[in-house]
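Examination of the molecular architecture
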Amino acid sequence: MGYAHEYAAAIMHRGRVPMDPADYVPNWQDGPRKAKYHPGADGFPLPDASYPAGATLGRGLFPEGAPAEGEFDLVSLSGMLRDSYGLTGRRLGVQANTDLNALPFYPLANWSRGSASGGGLYPVSIHWVSGPSAPVPPGVHYYSTRHHTMQRLLTGDVSGQVREALGDGAPGPGTDQYLVLGIKYWQNSFKYNSFSFHAVSMDLGACVQTWRMWAAARGLAVEPALWFDEERLAALLGVDPAREGIFAVVPLKWAGGHVGSDRPGVTAPVSVRRADVERSRTVLTFDALLRMQAATSADATARPAPDALGPAAAHPVDPELPEVALPPARPLDTDVRTALRARRSSFGRFDAQKPVTADQLAACLAASAGSRLGGDTGDVRLAQLYAFVNHVEGVEPGSYVYDPGRRGLRRVKEGRPGEFLQRNYFLANYNLEQAGAVLVPTVRTTAVLDAVGDRGYRLVNATVGAVAQSVYTAAAAVELGCGVALGFDNISYIEELGLEGTGEAPLLIMMIGNERPAPADFRYEIA
């Protein structure tokens, strides 16, 4: 049993037993940048990318038919990056979050992005390793989110190194184009200390799920690899493997690209030398974070067998529980770009005077249940979904489990859950009783770790992050507010839902509901 089991237990009990360092206070004045900074790096702006008609969120979440056969090019890559991690607008609405006082000051401004992020910190760093197929000189590029540009960090074809690091049996096409996703821990740990590993691995899932939705709607495929030679890729990118984990590699099927399998890999020790310059004068380390990075990267090349996750799949829904039918889900016919740019956190704007409709709830539940990371994790359904219903037309208040096979609910417990929800929420930025429903994904964390080792912790949280991103985006498409939170008593939810013997871990809560009409906001686009 590795350290990830111990960390998972501490996360589940942190509402009752604080994690070390319990007295930590962030030094906001000495915080890091929200992106990497490479002084002197040249680069190039990415082209504008229109979004085609018919590329709806429904198609992105529920692709049907033959596997996607489309090919990426520079325009589609640009569009996917801009709509997922690029800055798309200023956030300055009046709401109930604790950072409201800072928002009017431009240096502290929050900017909206398509993907969700814990604390709005966005610690995922995106590198594009391009081979000869791309219309730019081969090399390693860093995606600068603030400028929507690619900054060149290394010139030369090192795509063979990535291909060799992936090893045999890696998902995705034979290619010479890769997106490499790292997580710079200090971008998150300066605020969340030991808890940060839990949060950042969800950020990874939210980003990848955005790409999967975006790509599938356009007939493209995103199949991430989570198992590979992490040490080798950290060396290639020139990052300290203790301070930045390499979490995923996404091979891109490229228009006119080389298959690459018949091309010799570059084996010479080549490394990016243009280092990121840290803004913080003092960078702290946290024992739990260092130990989790070490534990989850130790066997990074041991890709699990295709059926390894079977024993960790979500339990079948108990057919003896009373069934509550739902109407067909409201169609998600908004295009993916529009839904992503409408996505935001509600932060206390919920208003129960207008209930959620049953077809809106059905759409959010179906989007959640359809979330998969794919790639080398296969198509096993790891996440189970529960719903605490407060104000939904045609559905009595109570707690339910979602039955994805029948696309309906089964009642776990009767009665209004609002008092339980608010009593077990730690922060003051939401009134959970005012939400139409609170959705809770669970994963059998211990079973996943037993099946694939400590690196499975990244998979667990990435799966939950993907679920959260799907719900956020579906809620925007059906004109509901949405909020996601980690600050709740996990153990109380286990007790309330009767999960003591199932091994299911409630890992976040997702609130959906109608918001108060005509909220005050800042029209950045006409300022």
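Here, every reference points to the structure presented above.
Bear in mind that the values here come from a model prediction, so they are computed numbers and not experimental data.

**So, the overall build of the protein**
Secondary structure assignment for the protein yields 14 helices and 16 strands. Expected size for 527 residues packed as a compact globule is a radius of gyration near 24 Å; at 22 Å, the protein falls within 12% of this value. Across its three principal axes, the protein shows a C-alpha extent of roughly 65 × 55 × 50 Å. Looking at the protein as a whole, 58% of its 527 residues qualify as buried.

**Structural notes on the packing of aromatic side chains**
On inspection of all chains with the given rule, the structure shows 21 aromatic pairs. Judged by centre distance (5.3 Å) and plane angle (90 degrees), the rings of Tyr24 and Phe286 are edge-to-face. One end of the pair, Tyr24, is in the loop between α1 (3-13) and β1 (43-45); the other, Phe286, is in the loop between β8 (244-251) and α8 (287-297), and 262 residues separate them in sequence. When the centroid spacing of 6.4 Å and the interplanar angle of 70 degrees are considered together, the rings of Tyr425 and Tyr430 count as edge-to-face. You can call Tyr425 buried: its relative accessible area is 6%. Take Tyr430: its relative accessible area is 4%, and that puts it in the buried class. Members of the aromatic cluster, joined through ring pairs, are Tyr3, Tyr7, Tyr185, Phe197, Phe247 and Tyr457.

**Focus on helix α3 (residues 74-84)**
The buried fraction of α3 amounts to 9 of the 11 residues, a majority that puts the element mostly inside the structure. Looking only at α3, the buried set comprises Leu74, Ser76, Leu77, Ser78, Gly79, Met80, Leu81, Asp83 and Ser84. For α3, the secondary structure elements touched by its buried residues are β4 (124-130), β5 (139-144), β6 (149-155), β7 (177-184), α6 (196-217) and α9 (336-342). Its side-chain oxygen at 3.2 Å from the backbone nitrogen of Val75, Asp73 defines the N-terminal cap of α3.

**Section: the pairing of β8**
Across the 8 residues that make up β8, a large majority, 8, are buried. Sheet topology places β7 next to β8; 7 bridges connect them, and they run antiparallel. Along β8, the bridge assignment pairs Leu181 with Ala248.

**Remarks on the side chain of Gln177**
Inspection of the secondary structure puts Gln177 in strand β7. A distance of 3.2 Å separates a polar side-chain atom of Gln177 from the backbone oxygen of Gly131. For Gln177, the contacting residues outside a window of four places in its chain are Trp128, Val129, Ser130, Gly131, Pro132, Ser133, Ala134, Val250, Pro251, Leu252 and Trp254.

**Some remarks on the packing of α1 against α8**
The axes of two packed helices give the description: the angle between them and the distance between them. Packing of α1 against α8 leaves a shortest axis separation of 9 Å and a crossing angle of 135 degrees. As summarised for this structure, α1 and α8 are arranged oblique, according to the angle between their axes. The interaxial crossing formed by α1 with α8 has left-handed handedness. Of the residues in α8, those in contact with Tyr3, Ala4, Glu6 and Tyr7 of α1 are Ala288, Arg291, Met292 and Ala295. When its residues are assigned to classes, the contact of α1 with α8 shows 6 nonpolar, no polar and 2 charged.

What counts, and at which threshold
Residues numbered from 1 in each chain as written. Predicted model: local features only at pLDDT ≥ 70, side-chain atom pairs only at ≥ 80, totals over all residues. Heavy atoms only, no water. Helix = DSSP H or I, 4+ residues; strand = E, 2+ residues; numbered from the N terminus. Rg over C-alpha atoms; globule rule 2.2 N^0.38 Å. Buried < 20%, exposed > 50% of the residue type's maximum accessible area, 1.4 Å probe, protein only. Phe/Tyr/Trp six-rings, centres within 6.5 Å; stacked < 30°, edge-to-face > 60°. Contact = heavy atoms within 4.5 Å. Polar contact = N/O pair within 3.5 Å; in protein donor to acceptor, adjacent residues only side chain to side chain. Pairing = 2+ DSSP bridges. Axes fitted to C-alpha atoms, helices over the stretch in contact; angles between N-to-C directions. Parallel < 35°, antiparallel > 145°, perpendicular 65-115°, else oblique. Left-handed = near helix turned anticlockwise from the far one by under 90°. Nonpolar A, V, L, I, M, F, W, Y, C, P; charged D, E, K, R; others polar.

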